[in-house]
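Okay, here's what each chain looks like letter by letter:
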Amino acid sequence: DTGVSQDPRHKITKRGQNVTFRCDPISEHNRLYWYRQTLGQGPEFLTYFQNEAQLEKSRLLSDRFSAERPKGSFSTLEIQRTEQGDSAMYLCASSEFNEKLFFGSGTQLSVL
Amino acid sequence: GENVEQHPSTLSVQEGDSAVIKCTYSDSASNYFPWYKQELGKRPQLIIDIRSNVGEKKDQRIAVTLNKTAKHFSLHITETQPEDSAVYFCAARTKTSYDKVIFGPGTSLSVIP
């Protein structure tokens, strides 16, 4: 499968726990995005990488959120001390020229 | 900050009729405008896109128009079919700081057989 893959598909956690999600982009894509989507809303921009460099992080994102993309390949998104408001679908997307984003299936996070 | 607005939020049409979804963007330097379709429980998928040096683009039953002066762009679906039922998102690539793609809130389209 040469598409964008995300793991896990679903994550249930208790409030206060840390969670980490993984995204494997399409191999030749140098740009990688993380978005968050809640029911009835559009994807909300979280952060963006070009190769291994994190170019921008949403001002709406608290310090509990961190993302990495070591060696410009896969990326991880970590949420520390999860809160119920973090419950959402976390989508990863990749692109070659910052156009035509290809999305993964997402990780559905539920914080109890 | 950068913003993309979209309306209507819901749209119901009879099969065979046309559907139009409209978006506005705030960053006048935006230069790329994609449209995504998201079926229930699935990932968003690109259906058509347009760059700022083009006023209109068509692909079979779907077309997108762009008015740079008014900062408006629209999606037109003709001869709608039940399989067109989905949520449609417009988006814009903003040019403030590092360019990034931001999305509108979505339009839920229902095509009634």
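Enquirer: What should I look at first to understand the overall build of chain B in this one?
Expert: Across its full length, chain B holds zero helices and eleven strands. Counted from the first residue to the last, chain B has its helices and strands arranged as β-β-β-β-β-β-β-β-β-β-β. The C-alpha atoms of chain B give 14 Å as radius of gyration, which agrees with the globular expectation for 113 residues (13 Å, within 12%). If one aligns the C-alpha atoms of chain B with their principal axes, the spans along those axes are about 45 × 30 × 20 Å.

Enquirer: In this structure, what is going on with the interface of chain A and chain B? I would like to understand it.
Expert: It is common to report an interface's size as the accessible area lost on association of the parts. Of the residues lining the interface, 23 residues belong to chain A; the matching set on chain B comes to 21 residues. Counting the surface lost from both chain A and chain B, the interface buries some 1800 Å², and carbon and sulfur atoms represent 48% of this. On the chain A side of the contact with chain B, Glu99, Lys100 and Phe103 of chain A bury the most area, a combined 28% of that side's loss. In this structure, the connection of chain A to chain B is made through four salt bridges.

Enquirer: What exactly am I supposed to notice about the side chain of Lys100 of chain B here?
Expert: Within the secondary structure, Lys100 of chain B sits in strand E10 (residues 100-103). A relative accessible area of 4% places Lys100 of chain B in the buried class. Excluding anything up to four places from it in sequence, Lys100 of chain B contacts Tyr33, Phe45, Tyr48, Glu56 and Asn98 of chain A together with Glu2, Ala92, Arg93 and Thr94 of chain B.

Enquirer: Is there a simple way to explain the sheet that holds strand E3 (residues 19-24) of chain A in this structure?
Expert: Sheet strands line up and pair through hydrogen bonds in the backbone, either parallel or antiparallel. Residues and elements named next belong to chain A. Strand order across the open sheet formed by four strands is E1-E3-E8-E7, with antiparallel pairing between neighbours. Every interior strand has two partners, whereas the edge strands, strand E1 (5-7) and strand E7 (65-68), have only one. Ignoring strand direction, the axes of neighbouring strands in this sheet form an average angle of 15°. As paired strands, E7 and strand E8 (residues 75-79) are joined by four bridges and run antiparallel to one another. In the sheet register, Glu68 faces E8, and the bridge partner there is Thr76.

Enquirer: Got a minute to help me understand the side chain of Asn31 of chain B in this structure?
Expert: All names here are of chain B. With respect to the secondary-structure elements, Asn31 resides in the loop between strand E3 (19-25) and strand E4 (32-38). A distance of 3.0 Å separates polar atoms of two side chains, one belonging to Asn31 and the other to Arg93. Contact partners of Asn31, with chain neighbours within four places excluded, come to Ile50, Arg51, Ser52, Arg93 and Lys95.

Enquirer: Explanation requested: the packing of aromatic side chains in the structure shown.
Expert: Within a pair of aromatic rings, the relevant descriptors are the distance that separates the centres and the angle that separates the planes. Across all of its chains, the model carries 14 aromatic pairs over all chains by this definition. Judged by centre distance (5.5 Å) and plane angle (20°), the ring pair of Tyr33 of chain A and Tyr35 of chain A falls under stacked. Here the two residues Tyr33 of chain A and Tyr35 of chain A agree in accessibility, since each one is buried. Joined through ring pairs, the aromatic side chains of Tyr33, Tyr35, Phe45, Tyr48 and Phe103 of chain A together with Tyr36 and Phe103 of chain B make up one cluster. Above the ring of Phe74 of chain A, the side-chain terminus of Arg22 of chain A is found at 3.9 Å from the ring centroid. The lysine or arginine in question, Lys100 of chain B, covers the ring of Phe45 of chain A, its NZ or CZ lying 5.3 Å from the ring centre.

Enquirer: When you look at the confidence of the model for chain A in this model, what are you seeing that I'm missing?
Expert: The predicted coordinates ought not to be read in detail in places where the model reports low pLDDT. Averaged over all residues, the pLDDT of chain A is 93; the fraction at 70 or higher stands at 99%. Looking at the elements of chain A, mean pLDDT is at its lowest for strand E6 (residues 53-57) of chain A, recorded as 88, and at its highest for E3 of chain A, recorded as 98.

Enquirer: Which parts of the structure should I look at to understand the nonpolar core?
Expert: Generally speaking, nonpolar side chains in soluble globular proteins are found buried as a group. By size, the foremost hydrophobic cluster in this structure holds 37 residues, and its most contacted members are Tyr35 of chain A together with Trp35 of chain B. Looking at this core element by element, the count peaks at six residues for strand E9 (residues 86-94) of chain B. Excluding residues that lie within four positions of it along the chain, Tyr35 of chain A makes contacts with Pro43, Glu44, Phe45, Leu46, Met89, Tyr90, Leu91, Leu101 and Phe103 of chain A together with Val101 and Phe103 of chain B. If you look at the next biggest cluster of nonpolar residues, it comprises 19 residues, including Leu46, Ile79, Leu109 and Val111 of chain A.

What counts as what
- Residues numbered from 1 in each chain as written.
- Chains lettered and ligands numbered in written order.
- Predicted model: local features only at pLDDT ≥ 70, side-chain atom pairs only at ≥ 80, totals over all residues.
- Heavy atoms only, no water.
- Helix = DSSP H or I, 4+ residues; strand = E, 2+ residues; numbered from the N terminus.
- Rg over C-alpha atoms; globule rule 2.2 N^0.38 Å.
- Contact = heavy atoms within 4.5 Å.
- Buried area = accessible area lost by both parts, 1.4 Å probe.
- Salt bridge = Lys/Arg side-chain N within 4 Å of Asp/Glu carboxyl O.
- Buried < 20%, exposed > 50% of the residue type's maximum accessible area, 1.4 Å probe, protein only.
- Pairing = 2+ DSSP bridges.
- Axes fitted to C-alpha atoms, helices over the stretch in contact; angles between N-to-C directions.
- Polar contact = N/O pair within 3.5 Å; in protein donor to acceptor, adjacent residues only side chain to side chain.
- Phe/Tyr/Trp six-rings, centres within 6.5 Å; stacked < 30°, edge-to-face > 60°.
- Lys NZ or Arg CZ within 6 Å of the ring centre and 35° of its normal.
- pLDDT = per-residue confidence, 0-100.
- Core = buried A, V, L, I, M, F, W, Y, C linked by side-chain atoms within 4.5 Å.

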